[in-house]
Amino acid sequence: MSESLELQQLVDDEAEEDIKFHRPRPKCRKYPCLGIILATLSALFFSLCSAIVKWMSDVDPMALAAYRFIGVLLPTIPILIYKQKSCFPKDKRIMLILRSFTGTTALMLSFYAFRHMPLSDASVIVFSVPVFTAIFARMFLKEPCGWFNIVSVIVTLVGVILITRPPVIFGNTIDSLGENGQAPEMWGAVAAFSSTLFGANAFVILRALKDVHFSVIMTNFGTFALVQCLIVSFFIGALCLPVCGVDRYLIVALAVFSFLGQILLTIALQMEQAGPVAIARSTDIVYAFIWQVIFFNEVPNRFSIIGTVLVMSSVILTGLRKWVLTLPYEAPMRRKLEFLTK
């Protein structure tokens, strides 16, 4: 999740410059749908990473996060060396540390959520990051926040409430995630929502770091994240290597799937605009529902389904809004979807 924020922000910044200087957006003319297909495949690999985290119940989620960050850091270092960028720019150090902390905490909390609550429910909540970004951007960067953003946040919060079904709201008439004494599931919901808030703040900080090359951001992020995960894993007694051969193969698969998902997302963002790619990435939630039924025999109830529809609607409309904002002012499609820009 956090790695894709850098790439998403880079493309958003490029789109703003294209509008400002009236430059045409690059497209893949020979294969016009290839960017969307690659983004969908990226979502598949990222969803498999989430399924692996839930499946490996013998390994603590914090330790798995450390292994995953190794896969983030190693491919980024050669890019940093090739670009000959300063690893830790003097005037950006505090922001880089804050970005690394928020992004790392967001991923660690999401891993905890994947382990302790239904996979699809956790994916829906974690994936609602773009919806909340506008609120924090308004608070910290003084960016405009229109009616669309406010309505999106409200709809998303309603969806999250339907998914988690907290007893303080629903009482004892409807089963909540913590039913039958399964308190970890409710804590998983708290972790998922907290992950969303940390992820949204990470996105806001990335906007403040838009002049820094992504290899610098990701190298700092990977290094800081690896150290933070190792320290947390050590203090909670979760730092270990799996004793089972299958689990070790799954850890390798976790790193490989993370790398493949990131590479495919990178190429997709180079071929297609950020809005359509964000919409294609929302298929991660669909995959999560499939893995939940196939691998974990967990069938979502009607409240989870309704909540998922609400959250996905907000995420898809947010991605659609990004695409509309990149269109020329005289474009017919922009006039039809003008309400999304409010």
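Here the structure is a predicted model, which means the values were calculated and not measured. (Residues numbered from 1 in each chain as written. Predicted model: local features only at pLDDT ≥ 70, side-chain atom pairs only at ≥ 80, totals over all residues. Heavy atoms only, no water.)

Novice: Would you mind going over the overall build of the chain with me for this structure?
Specialist: From N to C terminus, the chain includes 15 helices and 0 strands. Each of the 342 residues in the chain was classed as buried or not, and the buried ones make up 52%. (Helix = DSSP H or I, 4+ residues; strand = E, 2+ residues; numbered from the N terminus. Buried < 20%, exposed > 50% of the residue type's maximum accessible area, 1.4 Å probe, protein only.)

Novice: Whenever I open this one, a nonpolar patch on the surface confuses me. Can you help?
Specialist: Taken together, the side chains of Trp55, Val286, Ile290, Val293, Ile294, Phe295 and Val299 present a nonpolar region at the surface, about 680 Å² in accessible area. In terms of residue count, the dominant contributor to the nonpolar patch is helix 13 (residues 283–296) (5 residues). For Phe295, the position within the fold is in helix 13. (Patch = residues over 30% accessible without salt bridge, like charges linked within 9 Å, V, L, I, M, F, W, Y side chains within 5 Å. Areas by Shrake-Rupley, 256 points an atom, 1.4 Å probe, with all protein chains shown as cover. Salt bridge = Lys/Arg side-chain N within 4 Å of Asp/Glu carboxyl O.)

Novice: So what exactly am I meant to see when it comes to the packing of aromatic side chains here?
Specialist: Aromatic ring pairs are reported here in terms of the distance separating the ring centres and the angle at which the planes meet. All chains considered together, the criterion is met by 10 aromatic pairs. Through a chain of ring-to-ring contacts, three or more aromatic side chains come together here, namely Trp55, Tyr287, Trp291, Phe295 and Phe296. The ring of Phe221 carries the charged tip of Arg99 above its face, separated from the ring centre by 4.3 Å. (Phe/Tyr/Trp six-rings, centres within 6.5 Å; stacked < 30°, edge-to-face > 60°. Lys NZ or Arg CZ within 6 Å of the ring centre and 35° of its normal.)

Novice: Help me understand the packing of helix 2 (residues 34–55) against helix 13, please; the structure alone is not making it clear to me.
Specialist: When two helices pack together, you describe them by how their axes are tilted relative to each other and by the distance separating the axes. In contact at an axis separation of 9 Å, helix 2 and helix 13 are set at 40° when each is read in the N-to-C sense. Taken together, the axes of helix 2 and helix 13 lie oblique to each other. Classified by chirality, the crossing of helix 13 by helix 2 is right-handed. On helix 13, the residues touching Thr40, Ala43, Leu44, Phe46, Ser47, Leu48, Ala51, Lys54 and Trp55 of helix 2 are Thr283, Asp284, Tyr287, Trp291, Phe295 and Phe296. (Axes fitted to C-alpha atoms, helices over the stretch in contact; angles between N-to-C directions. Parallel < 35°, antiparallel > 145°, perpendicular 65-115°, else oblique. Left-handed = near helix turned anticlockwise from the far one by under 90°. Contact = heavy atoms within 4.5 Å.)

Novice: Even after reading the chapter, I still don't get the nonpolar core, so can you show me in this structure?
Specialist: Here is a general trend for soluble globular proteins: nonpolar side chains tend to be buried in one another's company. Residues Met56, Leu64, Ala65, Phe69, Phe111, Met117 and Leu119 are the most contacted members of the largest nonpolar core, which totals 69 residues. Sorting elements by how many residues they give to this core places helix 2 first, with 10 residues. If near-sequence neighbours (up to four positions away) are discounted, Leu64 is found in contact with Val53, Met56, Val59, Phe111, Arg115, Ile251 and Leu254. By size, the runner-up hydrophobic cluster in this structure holds 8 residues, among which are Leu80, Leu96, Leu209 and Val216. (Core = buried A, V, L, I, M, F, W, Y, C linked by side-chain atoms within 4.5 Å.)

Novice: I tried to follow the environment of Ser304 on my own but got confused; where do I start?
Specialist: Relative to the helices and strands, Ser304 resides in helix 14 (residues 302–326). The exposure class of Ser304 is buried, given its relative accessible area of 2%. Along the sequence, Ser304 and Val124 sit 180 residues apart, while their C-alpha atoms lie 9.5 Å from each other. Those residues within four positions of Ser304 in sequence are excluded, and the remaining contacts are Asp121, Leu162, Ile163 and Arg165.

Novice: Whenever I open this one, the environment of Ile135 confuses me. Can you help?
Specialist: Along the polypeptide, Ile135 turns up in helix 6 (residues 129–141). For the pair Ile135 and Asn149, spaced 14 residues apart in sequence, the C-alpha separation works out to 7.6 Å.

Novice: What is the right way to look at unusual backbone geometry in this model?
Specialist: For residues that are not glycine, phi is negative in most cases, and the peptide bond is trans in most cases. The phi dihedral of Gln84 is positive, around 55°, even though this residue is not glycine. By relative accessible area, Gln84 is classed as exposed at 72%.

Novice: I'm lost on the side chain of Ser123 in this one. Help?
Specialist: One can find Ser123 in helix 5 (residues 119–126). Residues within four places of Ser123 in sequence aside, it is in contact with Phe114, Asp284, Ile285 and Ala288.

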